[in-house]
Structures are given as C-alpha cells and as structure tokens.
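# Analysis of the macromolecular model
Listed below, chain by chain, are the residues.
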Amino acid sequence: MIKNIIFDLGNVLLSWKPGDYFEKSGYDNETVNLIMNDVFKSSEWLSLDNGDLTTSEAIDQIAEKSSLQKEYITSLFNLRTKIIYPLTENIKLLPELKKRGFKLYFLSNFPLDFFEEVKKEFEFFRYFDGGIISAEVRHSKPDIKIYKILLDKYNLLPEECFYIDDMEINVRAAGSAGIKGYCNHGTSGFPEELYIILNGIMTEN
C-alpha cells in the first residue's frame, strides 16, 4: 500500500528552464548557448547541486575558464529566483493528496543557498512532511544513496512510496531503491496518465 508520495521539484512542481528564460528575454542564440554551457550545464553547477562548492566558489571557477566576465556570471546567478516559478496546476495536487492522508516529501537536486531562497518564497512547501535536497547530504540523483538517505531519515518503507520526477534516469534509480515511480517529462499540468495512477493508489488506500 502506498502511503508516501515523493516529488522532485524542478520541472515537476517548479519550472526550471533557464534556456527558455533567456530566449524569451531577448538574448541571442549564441549568448544563450554560451550561458547554458558555461554556467547552467557546467561541472561547477553540478558541484553546487552536490554541495561541493559554494556559490562564490562556483562563480570564481566558472570565470576562470569562461569568456563571460565574473560580474556577468554573478548577475546570471542573481537571476535564479526570476527564472524559477511554481507550476500552479501541478501544485494543486498537493493539498488533495494531503486530504487523502498521504505523507508528502520532496527529493531534489538543488544548490543550498538557492533552495533556501525558493523555500522562503513559495508557500506550497507547507504541504510537505519533509524532504531532502542534494546539497544538504552531498549526494545527487541519480545516485541511489540519496533515495536511501530519504528513506532512512523518515523511516519510510520503499514499497510504501511513489516517486515523481521529470527525468527517466532518476525514476529508474528510485526503482533500484525499491520505490515505484513515474516520469512527468517536465510538463505543466500533470498528464492524465499520472492522475489515473494516483487515483488507483488512492482507491487502494
């Protein structure tokens, strides 16, 4: 019996698409590609997610090898909370699941300082019973260890958990930890297929 629903954050409950943001803001394609490759797809960004670097350290290291100036890179980091925004239709599912008696948790790759800003900004975090972000525990999805850390921290049985992520590799990793999952593919408005699955889970309960 499923008792716990675990959510990824980025592109599940929060839109996180920096490339789209810069394109819509009028940046030319060359600049967008440079920003994405040197900043948001960089090894430093992954290290931020994993808690191995602070933001200032990441900016310094990116500036050392990028054609972008340090001040410009800093300005891009300062835009993070403008780039990210709630997927309102998806968030509507949270109170419904709470009413049905499910425990809700989040499990997401996130830089620590960025997450603290986001958590303060968006009220939907009040629906969660707990959660783990990668930078706190120094492990990032799809490393199976982060799933086990969540299970251990909240004394959850994997067979009683259902996980929603926007990346297949992360859903497969959850499966390796014994957690059934669903890949949302980053859509705004959960697909009907997911509601059918969740309705089935709620009926079983």
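The structure contained in this document is the topic of the report that follows. (Residues numbered from 1 in each chain as written. Predicted model: local features only at pLDDT ≥ 70, side-chain atom pairs only at ≥ 80, totals over all residues. Heavy atoms only, no water.)

## Quick look at the side chain of Asn-184
Keep this limit in mind: Secondary structure follows DSSP: runs of H or I at least 4 residues long count as helices, runs of E at least 2 residues long count as strands, and numbering of each begins at the N terminus. Here's how the labels work: a residue is buried when its accessible area is under 20% of the maximum for its type, exposed when over 50%, partly exposed in between, all with a 1.4 Å probe on protein chains only. The definition of a polar contact used here is a pair of N or O atoms within 3.5 Å, where within protein one atom must be able to donate a hydrogen and the other to accept one, and adjacent residues in sequence count solely through side-chain atom pairs. Throughout, a contact is declared for two residues whenever any of their heavy atoms are within 4.5 Å.
Mapping Asn-184 onto the fold places it in the loop between strand 7 (180–183) and helix 13 (192–204). We classify Asn-184 as buried; its relative accessible area is 2%. A distance of 3.5 Å separates a polar side-chain atom of Asn-184 from the backbone oxygen of Asn-11. Among all residues touching Asn-184, those that are not within four sequence positions of it are Asn-11, Val-12, Asn-90, Ile-164, Asp-165, Asp-166, Phe-190 and Pro-191.

## Some words on the nonpolar core
Grouped burial of nonpolar side chains is what soluble globular proteins tend to show. Worth spelling out the cut-off: In these notes, a set of buried Ala, Val, Leu, Ile, Met, Phe, Trp, Tyr and Cys residues joined through side-chain atoms within 4.5 Å is what counts as a nonpolar core.
One finds Ile-5, Phe-7, Leu-13 and Phe-124 to be the most contacted residues of the largest nonpolar core, which totals 52 residues. No other element matches the five residues that helix 2 (residues 29–40) contributes to this core. Residue contacts for Ile-5: discarding those within four places in its chain leaves Leu-97, Phe-102, Lys-103, Leu-104, Tyr-105, Phe-162, Ile-164 and Leu-198. Counting 15 residues, the second-largest nonpolar core is a separate cluster that includes Ile-6, Leu-107, Tyr-147 and Cys-161.

## Some points on helix 5 (residues 70–77)
Just so we agree on the cut-off: To be clear, the arc concerns the directions from the helix axis to the C-beta atoms.
Buried residues of helix 5: Ile-73, Leu-76 and Phe-77, and no others. Down the axis, helix 5 shows its buried residues gathered within 100 degrees of arc, on one side only. The elements touched by buried residues of helix 5 are helix 1 (18–24), helix 2, helix 3 (43–49), helix 4 (55–65) and helix 6 (80–83).

Any functional reading would require information that these geometric values do not contain.
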